[in-house]
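Here's the letter readout for the chains.
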Amino acid sequence: MNFRIPSFCTLVIFIGQLFVIQLCFAQLSTNENPISQTLKLDLKKGIDTKQTSGIPDLKRLIEEDRQDSINNRPPRFGYKIKVDWNIQNSGTWEDLPDGGRLWRFKINSPKAISINLLYDKFWLPVGGKLFIYNEGKSQTFGAFTSINNKGTKEKPGKFATALIYGDNTILEYYQPKGVTDLPIISISYVVHGYRYVIIGDQPSQISNKALSCYININCPEGSQFQIEKQAVAVIVINGNALCTGSLITTATRDLSPYFLTANHCLGSLDAVNNPDASDWTFWWNYESPNCSNPSTAPPHFTTSGATLVANYEPSDMALFRLSEDPKNLTNYNPAWVGWDRNTTSATSATGIHHPAGMIKKISLSYQNVTSYPSSISWLGGGTSPANSHWAVNFTDGTTEGGSSGSFILNQNKLIIGQLHGGDNICAPVTKYYGKIDWSWNNGTIAQRRLRDWLDPTGTGLAIAYTKQRSIVGPDLNCSGSKTYTLESPPVGATITWSTYGSGVFSVSGSGATATVTKIGDGSDILQAKIGSFILAEKRITTLTSTSIQSTKYGNCNSSGWQEWFLVGNSDNGTSGWYWYTSTLPPNVQVNIYNPNSTTTWVSIKGGGGAINCSYTDNCGRPQGGGVTIYAACPTSALFKADYNSKSKKINISPNEGNNPKDYTKATYIKNIKLYSPNGTGAIVDLNYKDGGLQKIIDVSELREGRYLIEITIGDLKEMVAIDIQ
């Protein structure tokens, strides 16, 4: 069976069109203004400028792209032009008043929509700063510093910088006074952008029809996936093509920067023979802030470089370790999504992706995911074995080229595979995802499987859960001061600490550690922030709250006993649990089988009553609670309740056959109360002064459900249950 990898949406071609771009992007850098802007230098004087050879025939490139789409290749937006420009043979140096020096170099690629650069050698000394910007400085990146180095001075690594829109790009390197080492900045390719990386839904390249079924991630359909979306990024492959991938957690949830995508996105890369992806870039947070498509490109963040640690063609798996860690980005809080490598089919599925490099989209399936039982022959070459892929029938949204490598989540929001391909149409449509469980251990070496990287300590876990950066410290603060630490803070960032300000705690400290001191009682939220951006939050309390879950098991036995199971749940540690009964009606009997535990079995006979508990919280304070249980046993109850569904009335009368001597002390029913089982008070409370042992209650205004009826006769109380339908 043949399948087509989805074709990608047309990226808007800049031919006689005016396009408005909001240039708000950030690469892993110090996020500061160029030195020339600070010193107000005249950039038009004395800047060495070099021009590329331009691109071949545009129609030819578009036809190549159409064929690439058919043959399983990632969509392309730019053409790579080979150059050999470096700090030795290009650019202009200038001495500055502060004793430093400035090197500037301008690149022109005629009629380019955008320019991005690939470096075959890149190394900056400590203190040096590199900036890249367009002529008007409406779009700037930098400063890049020694933190961006992928190698050493003796053996420099590769590097890549993000797209600058327009046909001119300026590089500016600042060498402070006292820094003697020259940087190594060697540009090997200028990527001439001949298509925009589109924002919203545009016509498809092949069909020339708009796929209107895309759903932005911040539409209502994405509201339950706001953590998982933080793992997803656009991949700019070799500087000029696009796929999608995501951060994926390890079994130990240690925030290692592992990144899952598709094998067919790799081109010539291979984990054994060619693992270096230093010139790949990754776009984070590229999404609309709401459900609508924006008219301008939204802000996003960029990291550069990766090493391919594993790839496996049968399940189309590729796993990178990123060189620049996205948790070091300021104003961004990435997530590492969990995984499930069990072979059980999911009952629903969700994909989050960037079709053709578009802003982040979500696709959903409300049907069972199935293991595809046959082999799959892909157009453009390659065959996937039977049962190596999940077949996902999307009911909302779709995917296209550029979505390749994006995860599919099961009903528990855990990764079970990554996108390989499927038909390029709107839902309902079937897409095929290489299985995590197939990629886990089928490869014969570490570079061909996931196990060695995602479970390096050999825990054997079949499921790992999603993780974000967190604040580490106690949930409960009984007295005094406690220390809290931000996990994996961004390198070089200034971190501040605060609470919501409820008057329960005071906070001091800076950097990765804070001291929280109890000054009152209650709870509050501790925040770690960079400026106004919240990196992580943690709820801290001085109190312990407890709830009791009660479950009735089966029906009354032949002797009239009803079994219940009680569980005490606390939001903080407790000790010294003890279950006991308060004053019960004379006819009620209770047996508590495990009174000194947070859980206990209880048997009750003859009606209902309260089971109480006491315990000591982690602050050493006595606490307590209680729950009402009952036995609605016809064989032992003195009264019965019959519900007439037509008249919507309950008839309460003596239970014939039971010994009437138990209620001969009273001449009439004194009180009847109705309780909802999950309620805290009576919803019906009736007092009687007239005689008689039979009463009729109108319940026509009550909702359907099970209710408890408490009957008071003299000094006796009894509880029976009734279902109102």
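All values reported here derive from a predicted model rather than from experimental measurement.

Novice: Quick question: what am I supposed to make of the overall build of the chain here?
Specialist: A tally of regular secondary structure across the chain gives four helices and 54 strands. Out of the 725 residues belonging to the chain, those deemed buried represent 52%. Residue pairs at least 24 apart in sequence account for 69% of intrachain contacts in the chain once pairs closer than 6 positions are excluded. Summed over its atoms, the accessible surface of the chain is roughly 29800 Å², and 48% of this surface lies on carbon and sulfur atoms.

Novice: Mind showing me how you'd approach the state of the cysteines here?
Specialist: What makes a disulfide is a covalent bond joining the sulfur atoms belonging to two cysteines. As enumerated under the stated definition, the model contains three disulfides in all. The disulfide partner of Cys213 is Cys426, and the gap between their sulfur atoms is 2.1 Å. Since a negative S-S torsion denotes a left-handed disulfide, the Cys213-Cys426 link at about -85° is left-handed. One end of the pair, Cys213, is in the loop between β13 (184-193) and β14 (232-237); the other, Cys426, is in the loop between β30 (415-422) and β31 (429-435), and 213 residues separate them in sequence. Classification of Cys213 as buried rests on a relative accessible area of 17%. Assessed through its relative accessible area of 23%, Cys426 is described here as partly exposed. Disulfide pairing is shown between Cys219 and Cys291; the S-S distance is 1.9 Å. On the sign convention where negative is left-handed, the bridge of Cys219 and Cys291, at about 95° about the S-S bond, is right-handed. On the criterion of sequence distance, the pair formed by Cys219 in the loop between β13 and β14 and Cys291 in the loop between β17 (281-284) and β18 (300-304) is long-range, its members being 72 residues apart. Residue classification places Cys291 among the partly exposed residues on the basis of a relative accessible area of 38%.

Novice: Before we go on, may I ask you to explain the sheet that holds strand β49 (residues 649-654) in this structure?
Specialist: The sheet built from three strands is open, its strands ordered β48-β49-β52 with antiparallel pairing. Each edge of the sheet is formed by a strand with only one pairing partner; in this case those strands are β48 (639-644) and β52 (695-698). Looking at each pair of strands side by side, their axes are set apart by 20° on average, direction ignored. As paired strands, β49 and β52 are joined by four bridges and run antiparallel to one another. Pairing of Asn651 across the sheet is with Ile696, part of β52.

Calculation notes
What you see as residue numbers is a count from 1 along each chain, following the sequence as written. Per-residue local features are limited, in this predicted model, to residues with pLDDT of at least 70; the limit for side-chain atom pairs, both in listing and counting, is 80 or more; totals at the level of whole chains, interfaces and linings are taken over all residues. The basis for every side-chain value is the complete set of heavy atoms in the structure, and neither hydrogens nor water enter the calculation. Each helix corresponds to a stretch of at least 4 residues labelled H or I by DSSP, and each strand to a stretch of at least 2 residues labelled E; elements are numbered beginning at the N terminus. Here's how the labels work: a residue is buried when its accessible area is under 20% of the maximum for its type, exposed when over 50%, partly exposed in between, all with a 1.4 Å probe on protein chains only. For this analysis, residues touch if any pair of their heavy atoms sits within 4.5 Å. Surface exposure here means Shrake-Rupley accessible area, sampled with a 1.4 Å probe, where a residue is shielded only by the protein chains that are shown. Note on terminology: disulfide denotes any pair of cysteine sulfur atoms within 2.5 Å. Any two strands are treated as partners once DSSP identifies two or more bridges connecting them. Orientation is described by axes fitted as lines to C-alpha atoms, over the contacting stretch for helices, and by angles from 0 to 180 degrees between their N-to-C directions.

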